[in-house]
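Report on the structure
Single-letter residue listing:
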Amino acid sequence: MTDTRIYVAGHRGMVGSAIVRVLQRQGHSRLITRSHSELDLTDQAAVRHFFAAERPAQVYLAAARVGGIHANNTYPAEFIYQNLMIEANIIHQAWLAGVRRLLFLGSSCIYPKHAAQPMSEEALLTGTLEPTNEAYAIAKIAGIKLCESYNRQYGTDYRSVMPTNLYGPGDHYDLQNSHVIPAMIRKLHLAKLATGHDWAAIEQDEARHGPIPADLRHHLYATCGSDTEACLPLWGTGTPMREFLYVDDMAEASVHVMSLDKSAYDAHTRPMLSHINVGSGEDLSIRQLAETVAKVVGYAGRVEFDSSQPDGTPRKLLDVSRLHGLGCRAQVGLEEGLRRAYADFLQR
Ligand SMILES: NC(=O)c1ccc[n+]([C@@H]2O[C@H](COP(=O)([O-])OP(=O)(O)OC[C@H]3O[C@@H](n4cnc5c(N)ncnc54)[C@H](OP(=O)(O)O)[C@@H]3O)[C@@H](O)[C@H]2O)c1
């Protein structure tokens, strides 16, 4: 029904904005949104007033404190506190306001560090988490358990999806906080500018997307001032295998999972194992990723991996058979997705 009142929490974020695009394309005309400055979701009283006044029928919970390894490792208290508060406030107030259906967005980092690959939904709570993002992962596990507990005690229909690494329009390119793909797009773009001796463009990039770390700046400066072949250093050995999903595919999957009849959703899940993995089902090495990003960005120099820096888990791939069983598959290939992401990066 396209006149359902749907609240998309986090509608200005990368995923929330993609969910809004899908819902609008489907003709939904009664979308409810609030920016962070209009409604701080960690504020319990404000969230209570919002739900009591707006009374949505459905909720997409795509608001969260999000960041890459560095941010997770540096601000664990902020990650666990803000994410727990956002989830608890929204899920509890949604129930009080009679919200029938809700979709919680978690993350693939809920799975143990040494989970068997590909990681199936059953791997949840079977081992120790990756320490660098444990605080964030615990908050995401709590989100799944909130949904399951409200379903069990109050008969609600609150669902969860666990996305793999996402990228695309609306991503964040600040090198202190960003994820693998946006960081790689920006670094290779900067390396291309340095190869073209375009220091003015590098300074423009810095003004637009945030500070360039001193070691990278030094490297770019040296490349700018010389005619030797450019060589961009990246962290690690380049051998870890990772999975990536274009954000529009994530949004399609979210709306698909939310639109399923309760019986169809329940048939593919269990009351206390109710989450669904969302990924492309394919992985590639960080080195292959760097080569593909270099091709898309148009950087012709070399990329060198600094093996003195940590690699992280050797492989992270989601088992997406539940999602496929529900009739949903990723549509956008990596190179095409990267082209769209890079076009968005250049436009901003
Ligand atoms: N990006 C990925 O690779 C990835 C991977 C797996 C899972 N996920 C999950 O997908 C969801 C969406 O992620 P995303 O990449 O779209 O993140 P994002 O771009 O950072 O968007 C998150 C949104 O939440 C809002 N928000 C944060 N704290 C808030 C608060 N206290 N009150 C109100 N709004 C608040 C942010 O607003 P401000 O910017 O104004 O603070 C932002 O609009 C998250 O649950 C995330 O864990 C993302």
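Coordinates for the structure precede this section.
Summarised in this report is the structure supplied together with it. From a predicted model like this one, the values you see are computed outputs, not experimental measurements.

Another point: the pattern of salt bridges. Side-chain pairs of opposite charge can arise whenever the charged atoms involved come near each other. One pass over the structure, following the stated rule, counts 20 salt bridges. The salt bridge involving Arg 186 is made with Asp 205; its shortest N-O contact spans 2.8 Å. In this pair, Arg 186 is assigned in helix 6 (residues 180-195) and Asp 205 in helix 7 (residues 199-209), connecting sequence segments 19 residues apart. For Asp 205, a relative accessible area of 5% corresponds to the buried category. In this structure, Glu 335 engages Lys 295 in a salt bridge whose closest nitrogen and oxygen atoms are separated by 3.1 Å. In this pair, Glu 335 sits in helix 13 (residues 334-347) while Lys 295 sits in helix 11 (residues 286-297), placing the two residues 40 residues apart along the sequence.

Between helix 6 and helix 8 (residues 214-224), the shortest axis-to-axis distance is 7 Å and the interhelical angle comes to 30°. As judged from the angle between their axes, helix 6 and helix 8 are roughly parallel. Judged by the twist between their axes, the crossing of helix 6 over helix 8 is right-handed. Residues Lys 187, Leu 190, Ala 191, Ala 194 and Thr 195 of helix 6 lie in contact with helix 8, whose contacting residues are Leu 216, Leu 220, Thr 223 and Cys 224. Grouping the constituent residues of the contact of helix 6 with helix 8 by class yields six nonpolar, two polar and one charged.

Bringing the site of the ligand into the picture now. In the vicinity of the ligand lie 26 residues, with Val 15, His 36, Tyr 136, Lys 140 and His 172 positioned nearest. Between the ligand and the protein, one listed contact pairs an oxygen atom with a side-chain N or O atom of Tyr 136 at 2.4 Å. Lys 140 is positioned such that a nitrogen or oxygen atom in its side chain is 2.8 Å from an oxygen atom of the ligand. Protein contacts shield 85% of the accessible area of the ligand, which totals 880 Å² for the unbound molecule. Listed by contribution, the elements that provide at least two residues to the shell around the ligand are helix 1 (14-25), helix 5 (134-154) and strand 6 (165-167). Among the residues forming the shell around the ligand, the class breakdown is 13 nonpolar, ten polar and three charged.

With that out of the way, let us pick up the state of the cysteines. Under the defined criterion, the tally for this structure stands at zero disulfides. Cysteine Cys 147 shares no disulfide, and the gap to the nearest cysteine sulfur, in Cys 109, comes to 16 Å. Left unpaired, Cys 231 is separated from the closest cysteine sulfur, that of Cys 224, by 15 Å. By relative accessible area, Cys 231 is classed as buried at 13%.

Tyr 7, Phe 51 and Ile 90 are the most contacted members of the largest nonpolar core, which totals 69 residues. Counting residues in each nonpolar core, the second largest holds 39 residues, with Leu 188, Leu 284, Ala 341 and Phe 345 among its members.

Here helix 6 is 16 residues long and its end C-alpha atoms lie 22 Å apart, about the 22 Å a rise of 1.5 Å per residue gives. The buried count for helix 6 comes to twelve of 16 residues, which makes it a mostly enclosed element. Every buried residue of helix 6 is listed here: Ile 181, Pro 182, Ala 183, Met 184, Ile 185, Arg 186, Leu 188, His 189, Leu 190, Ala 191, Leu 193 and Ala 194. Positive phi shows up at His 197, right after helix 6, with a value of about 55°.

Tallied over the entire structure, the rule returns one cavity of 30 Å³ or more. Each pocket or cavity is described by its volume, and for the largest cavity that value is around 40 Å³. What lines the largest cavity is simply Leu 245, Asp 249, Ala 253, Val 278, Gly 279, Leu 323, Cys 328, Arg 329 and Ala 330.

Parameters at a glance
Residues numbered from 1 in each chain as written. Predicted model: local features only at pLDDT ≥ 70, side-chain atom pairs only at ≥ 80, totals over all residues. Heavy atoms only, no water. Salt bridge = Lys/Arg side-chain N within 4 Å of Asp/Glu carboxyl O. Helix = DSSP H or I, 4+ residues; strand = E, 2+ residues; numbered from the N terminus. Buried < 20%, exposed > 50% of the residue type's maximum accessible area, 1.4 Å probe, protein only. Axes fitted to C-alpha atoms, helices over the stretch in contact; angles between N-to-C directions. Parallel < 35°, antiparallel > 145°, perpendicular 65-115°, else oblique. Left-handed = near helix turned anticlockwise from the far one by under 90°. Contact = heavy atoms within 4.5 Å. Nonpolar A, V, L, I, M, F, W, Y, C, P; charged D, E, K, R; others polar. Near = heavy atom within 4 Å. Polar contact = N/O pair within 3.5 Å; in protein donor to acceptor, adjacent residues only side chain to side chain. Areas by Shrake-Rupley, 256 points an atom, 1.4 Å probe, with all protein chains shown as cover. Disulfide = S-S within 2.5 Å. Core = buried A, V, L, I, M, F, W, Y, C linked by side-chain atoms within 4.5 Å. Expected span 1.5 Å × (residues − 1). 1 Å grid on protein atoms, 1.4 Å probe; cavity = no way out; pocket = protein on both sides within 12 Å on 5 of 7 lines; lining within 4 Å. Points joined across faces, edges and corners; volume = space filled by probe spheres on them.

Distances and angles like these do not, on their own, reveal function.
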